[in-house]
Amino acid sequence: MAKKYILLVGVEFNNQGAYLMLLAAAKVIREQFDAIPVVEFHNGTEEKKRIAGVSALVPQRTYGVITRARRFRPLRRLWKKFPYVLPTELLAVFDGSGFRYGDQWVNSNLDYTAGKLRDWAARGVPVYMLPQAFGPFEKTAGPSLTAMKASRIVFPRDAESETYVRDILTGQTPKVHRHPDFTAGLEGRFPTGYEAYRGRVPIIPNYNIYSRADDGDSQERYLSNLTAIVEHLHGKGLQPYGLAHEGRKDVEILEKVKQRVKSQSSINLELVGGLSGLELKGLIGTAPLIVSGRYHAIVSALSQGVPAVIHGWSHKYRYVADDFDARELQCDPLAAADESIAVIETIIGNTELTGRISAAAQRVKAEMKDMWAEIEADLRPTQNR
């Protein structure tokens, strides 16, 4: 029986949120769709692909050459020894880049990524846009509409995103069904050698909050806010530490906070970085609470019943709090630190809150299964083509 392959686009290995999406989708592709997950050839090193258990789509420039060569039986047998996939072998395309289709990313090359989805659909390969925060589309309407028209189903992650999607798709044919984040069911893996951080409180900044602040005073407020939070948690005996969920720029924020805490309170803020998405989730799962401006760190916490002080900078943060029945945990990261500290005090010892979050996490995971089942049902008639 011929192998089945599903291409994952809009996910990657470097951004840990996108990596969690890759792993979550790849797991479902293997276990539920009985297929092999595939990423584009240029996406990640061979080692990273091997660790994630994904194959690679051959480079576009070689499509024609390889297709012609496989007409010869000896070359066809030889080709089976390589972990590469041709476009003609794809069963579907799952796109996880929905957040790119919004005005915040107007300077990205959206015409190119949307054009690729259009081309897959033109080949007869079904395209599905996985749950993401979409919109607004005032500046990106053209490529956003191209991407969505190429899709059989678009899954906005929240009510506001759904409104943006339905408005731009007026009179168009794709189905639109709302479902929550699909990484919630992914199990974390506690990192080897980090026992000293088990049960402590991670402070997880987001450089986007700092860089998008409207002026220097706002940037100063963000740093002062995080500094005061560290000092408050330390006074409570909760042993805060800085955890970089993403790359160097998040580390730079933590280093600034570390210097301030040291000079103001003689507290040594330990910093942790370089962990994979699964390791981050495993470490976060041991915390009594987290303070985070990174969306997927918040999902990693709430999906494990760990309360999060939610520092949001777009509508997706407001709705993830709703998804997990924890609206009172939202904070303005640029407001006075008292706002975040009050939320910390609400969390400490609040078993009703943690029970409520845990119950909501089970509902989110059930909705996630419904989403995959919907794709499977829609895709089933195409599997024997």
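Scroll up to find the structure.
Residues numbered from 1 in each chain as written. Predicted model: local features only at pLDDT ≥ 70, side-chain atom pairs only at ≥ 80, totals over all residues. Heavy atoms only, no water.

Undergrad: Go over the overall build of the chain, please, and point to the residues and values.
TA: In terms of helices and strands, the chain carries 15 helices and 14 strands. A compact globule built from 385 residues should have a C-alpha radius of gyration of about 21 Å, and the chain, at 22 Å, falls within 12% of that. Principal-axis analysis of the C-alpha atoms gives the chain an extent of 75 × 50 × 40 Å. When contacts within the chain are restricted to residue pairs at least 6 apart in sequence, long-range pairs at least 24 apart make up 70% of them. Accessible area of the chain: about 17100 Å², with a carbon and sulfur share of 48%. Charge-centre separation for the chain: the mean point of 50 positive side chains lies 11 Å from the mean point of 44 negative side chains. (Helix = DSSP H or I, 4+ residues; strand = E, 2+ residues; numbered from the N terminus. Rg over C-alpha atoms; globule rule 2.2 N^0.38 Å. Contact = heavy atoms within 4.5 Å. Areas by Shrake-Rupley, 256 points an atom, 1.4 Å probe, with all protein chains shown as cover. Lys, Arg positive; Asp, Glu negative; His and termini not counted. Charge placed at Lys NZ, Arg CZ, Asp CG, Glu CD.)

Undergrad: Quick rundown of the sheet that holds strand S5 (residues 90–95)? Include the residues and the values.
TA: On the basis of which strands lie adjacent, the open sheet formed by 8 strands has the order S4-S3-S2-S1-S5-S6-S7-S8 and parallel pairing. Because the sheet does not close on itself, it has two edges, and the strands there are strand S4 (84–85) and strand S8 (175–176). Sheet analysis places S5 next to strand S6 (residues 127–132), joined by 3 bridges and oriented parallel. Along S6, the bridge assignment pairs Val93 with Val127. (Pairing = 2+ DSSP bridges.)

Undergrad: Tell me what's going on with the pairing of strand S2 (residues 36–40), and back it up with residues and numbers.
TA: In terms of burial, S2 is largely enclosed, as 4 of its 5 residues are buried. Sheet topology places strand S1 (residues 5–9) next to S2; 4 bridges connect them, and they run parallel. Looking across to S2, one finds that Ile6 is bridged to Pro37. Read as a crossover between parallel neighbours, the route from S1 over helix H1 (residues 16–31) to S2 is right-handed. In terms of strand pairing, S2 meets strand S3 (residues 55–57) through 3 bridges, oriented parallel. (Buried < 20%, exposed > 50% of the residue type's maximum accessible area, 1.4 Å probe, protein only. Right-handed = clockwise from strand over helix to strand, strands pointing away.)

Undergrad: Explain the layout of surface pockets to me, and be specific about the residues and the numbers.
TA: Counted as a void, the largest pocket has a volume near 860 Å³. In terms of lining residues, the largest pocket is bounded by 36 residues, among which Gly10, Glu12, Asn15, Ala18 and Arg100 are the most central. Counting residues per element, the ones that place at least two in the lining of the largest pocket are H1, helix H5 (110–122), helix H12 (295–302) and helix H13 (315–323). With 5 residues, the top contributor of residues to the lining of the largest pocket is H5. (1 Å grid on protein atoms, 1.4 Å probe; cavity = no way out; pocket = protein on both sides within 12 Å on 5 of 7 lines; lining within 4 Å. Points joined across faces, edges and corners; volume = space filled by probe spheres on them.)

Undergrad: Explain the environment of Val176 to me, and be specific about the residues and the numbers.
TA: As for its position among the elements, Val176 is in strand S8. It is 7.8 Å that separates the C-alpha atoms of Val176 and Val165, two residues lying 11 residues apart in sequence.

Undergrad: Before we move on, can you summarise the nonpolar core with the specific residues and values?
TA: Judged by nonpolar contacts, the single largest core of 58 residues is most densely connected at Leu233, Leu243, Ile290, Val291, Ile310 and Leu329. What Leu329 contacts, discounting residues up to four positions off in sequence, is Pro307, Ala308, Val309, Ile310, Val343, Ile347, Leu353 and Ile357. Tyr19, Leu20, Leu130 and Met371 belong to the second largest nonpolar core, which has 35 residues in total. (Core = buried A, V, L, I, M, F, W, Y, C linked by side-chain atoms within 4.5 Å.)

Undergrad: Lay out the packing of aromatic side chains in plain terms, naming residues and giving numbers.
TA: Inspection of the entire model under this criterion finds 12 aromatic pairs. Ring centres of Phe33 and Trp372 lie 6.3 Å apart, and the angle between their planes is 80°; on these two criteria the pair is classed as edge-to-face. Residue Phe33 is located in the loop between H1 and S2, and its partner Trp372 is located in helix H15 (residues 351–379); the two are separated by 339 residues in the primary sequence. The exposure class of Phe33 is buried, given its relative accessible area of 2%. Since its relative accessible area comes to 2%, Trp372 is described here as buried. Their ring planes at 45° and their centres at 6.4 Å tell us that Trp313 and Tyr317 sit as a pair that is tilted. The structure contains a cluster of three or more aromatic residues connected by ring pairs, namely Phe33, Phe94, Tyr128, Phe182 and Trp372. (Phe/Tyr/Trp six-rings, centres within 6.5 Å; stacked < 30°, edge-to-face > 60°.)

Undergrad: Requested: an account of the pattern of salt bridges, with residues and values cited.
TA: Scanning all chains against the criterion turns up 19 salt bridges. Here Glu40 ties to Lys116 by a salt bridge, and the two come within 2.6 Å at their closest N and O atoms. In this pair, Glu40 sits in strand S2 while Lys116 sits in helix H5, placing the two residues 76 residues apart along the sequence. Between Glu46 and Lys49 there is a salt bridge whose closest N-O contact spans 3.5 Å. Here Glu46 and its partner Lys49 are both found in helix H2 (residues 46–52), 3 residues apart, which amounts to about one turn of the helix. Of the residues examined, Glu46 reaches a relative accessible area of 41% and is grouped as partly exposed. The exposure class assigned to Lys49 is buried, which follows from its relative accessible area of 2%. (Salt bridge = Lys/Arg side-chain N within 4 Å of Asp/Glu carboxyl O.)

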